[in-house]
Amino acid sequence: MKTITAYKCKSCGHVMFPHHYRCLNCNGLEFKEIKPTTKGRLLTFTIVDQLPWGIDERARVLGVVEFDNGVKALGVIKAANPRIGMRLRAGWKPVRVIAGEKVYGLTFRKTK
Amino acid sequence: MPAAAERIENGPASGGSAVKNGFLGVASGYYDIVLVVGGEKMREVIGPKATDVVASMTHPEAEYIYGVTLPALAGMFARLYMEKYDITHEHLAMVAIKNQENGLLNPYAHIQMKITMEGILTHPQAHVNSPIVADPLRLYDCCPVSDGAAAVLLTTEEIAKKLKKPRVMIAGVGQATDTHTLQERSDPTDLRAVRIASEKAFKMAGLKPKDIHVAELHDAFTILEIAESEHAGFFPMGKGAKALENGETRIGGKLPINPSGGLKARGHPVGATGVAQIVELVWQLRGEAGERQVKDASNGFSVNFGGFGNNVLAFVLRREA
């Protein structure tokens, strides 16, 4: 499955997403590219009823997920009755159309 | 004429940034007089387009593509902050009610309307007036989309002494940054940039939060007024909502917050806000704030919050004897 690329600092092990040229923890310059694990837990979320221009949906749940290997990322939550701490499995689907092109991103469904 | 002109773009902190740079220009001795003007025209487009333009300040790869909006970031922050510090929806509504009451006393306020707890929250049909924007935040937890402008004239002490107005000094300026995205913060409930910018401004002014008589905080969302009042040091962490509930932050209370109506009622023309906060403090410290005058105010404080707290300015203003 396609997914995001995160960056693990070679000096201190700090995991970053998105990319930065210096480690936010130790200012290190070298990183190992890593992929998030398939599962994680929901850290926080919001149900957005007022979406921006360009997203023709009634509402969308957005949330921050911490993957089991420490990568943290925002994504679209497709689980009913979201709650903090919920276990989620990541997917990779179109999340927005920008300038006529489908843009893919992280989506999450409920899992054990 | 001729003078020199510059444009400063720093998102919602543009106004504060412009005042800071004007201050540096005068304080360095290079300029005698700097006119700082902040302005924004946001109502030429419909709401969802304005929301999208504002959302373009979020991270292009990690946030924007998902349809995240500034209210959505505030909603995710509010969910954690409210849980951590036992803040209720009633507390959020109290901020909105207080600031719109203050706005009624401000002829320059965008929103001039009294609201009630029943009308925006507790009535079974209250969701008609105040629908969910980004849960837990409702319409009345969010500032309006506004057109507006504000200006301040900064000059040297020598020139100011020749003028007839009471002198108001920029006694302290602080600025600090935080991560671009919310998820990169080790504690997403910690508004680190607000904390550091405030500490710097107080240190430079040689004053403490208890010395402040009036504050203008960046209440783009009701939760932010409570959170900023704690991070700036006016109340211990988790006690801001209680102070609000006790009426300490009303005009006439121990520390009036947002007597202008704040972003909630004065409006939030993005680039103008940081300047408008300074304008309000100057009026308050000069005793020119009319019906919303905070009694005997001689020290003022403001927070101008850029992005979702990734670039924040704080100011301490002092009336000179």
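Residues numbered from 1 in each chain as written. Chains lettered and ligands numbered in written order. Predicted model: local features only at pLDDT ≥ 70, side-chain atom pairs only at ≥ 80, totals over all residues. Heavy atoms only, no water.

**Topic: the pattern of salt bridges**
Where charged atoms from two side chains of opposite charge come close, those side chains can pair. A complete count under the given rule lists 23 salt bridges over all chains for this structure. Measuring nitrogen to oxygen at the nearest pair gives 2.8 Å for the salt bridge that ties B:Asp52 to A:Arg96. On the criterion of chain membership, the pair formed by B:Asp52 in helix 2 (residues 47-55) and A:Arg96 in strand 7 (residues 87-98) is interchain, its members lying in two chains. Note that B:Arg266 is salt-bridged to B:Glu216, the shortest N-O span being 3.0 Å. Placement of B:Arg266 in helix 11 (residues 262-266) and of B:Glu216 in strand 6 (residues 214-216) is noted, with a sequence separation of 50 residues between them. Salt bridges here are not isolated pairs; linked through shared partners, they connect B:Lys41, B:Glu44 and B:Asp147. (Salt bridge = Lys/Arg side-chain N within 4 Å of Asp/Glu carboxyl O. Helix = DSSP H or I, 4+ residues; strand = E, 2+ residues; numbered from the N terminus.)

**Comments concerning the domain arrangement of chain A**
Accessible area lost on assembly of the parts is the figure often given for the size of an interface. Residues and elements named next belong to chain A. Taken domain by domain, chain A holds domain 1 (1-35) and domain 2 (37-110). Summarising the inter-unit geometry, the C-alpha centres of domain 1 and domain 2 are found 21 Å apart. For the pair domain 1 and domain 2, the summed buried surface comes to about 700 Å²; carbon and sulfur atoms form 74% of the total. If you look at where domain 1 meets domain 2, you find zero salt bridges. At the boundary of domain 1 with domain 2, the tally comes to one residue pair in polar contact (both at pLDDT 80 or more). Taken together, the residues of the side of domain 1 that touches domain 2 sort by class into six nonpolar, one polar and two charged. (Domains from an automatic or database assignment. Buried area = accessible area lost by both parts, 1.4 Å probe. Polar contact = N/O pair within 3.5 Å; in protein donor to acceptor, adjacent residues only side chain to side chain. Nonpolar A, V, L, I, M, F, W, Y, C, P; charged D, E, K, R; others polar.)

**Focus: the packing of helix 3 (residues 70-85) of chain B against helix 9 (residues 222-231) of chain B**
Residue and element names in this part refer to chain B. Two numbers describe how helix 3 lies on helix 9: the axes approach to 10 Å, and their chain directions differ by 60 degrees. Relative to helix 9, the element helix 3 is oriented oblique. The two elements helix 3 and helix 9 cross, and the hand of that crossing is left-handed. Residues Ala 74, Phe 77, Ala 78, Tyr 81 and Met 82 of helix 3 touch helix 9, and the partners they reach there are Ile 223, Leu 224, Ala 227, Glu 230 and His 231. Grouping the amino acids of the contact of helix 3 with helix 9 by side-chain chemistry returns eight nonpolar, one polar and one charged. (Axes fitted to C-alpha atoms, helices over the stretch in contact; angles between N-to-C directions. Parallel < 35°, antiparallel > 145°, perpendicular 65-115°, else oblique. Left-handed = near helix turned anticlockwise from the far one by under 90°. Contact = heavy atoms within 4.5 Å.)

**Quick look at the environment of B:Lys239**
Residues and elements named next belong to chain B. Mapped onto the secondary structure, Lys 239 falls in the loop between helix 9 and helix 10 (240-245). Overall, the relative accessible area of 47% leaves Lys 239 in the partly exposed class. Counting along the chain gives twelve residues from Lys 239 to Ala 227, while the straight-line C-alpha distance between them is 9.5 Å. (Buried < 20%, exposed > 50% of the residue type's maximum accessible area, 1.4 Å probe, protein only.)

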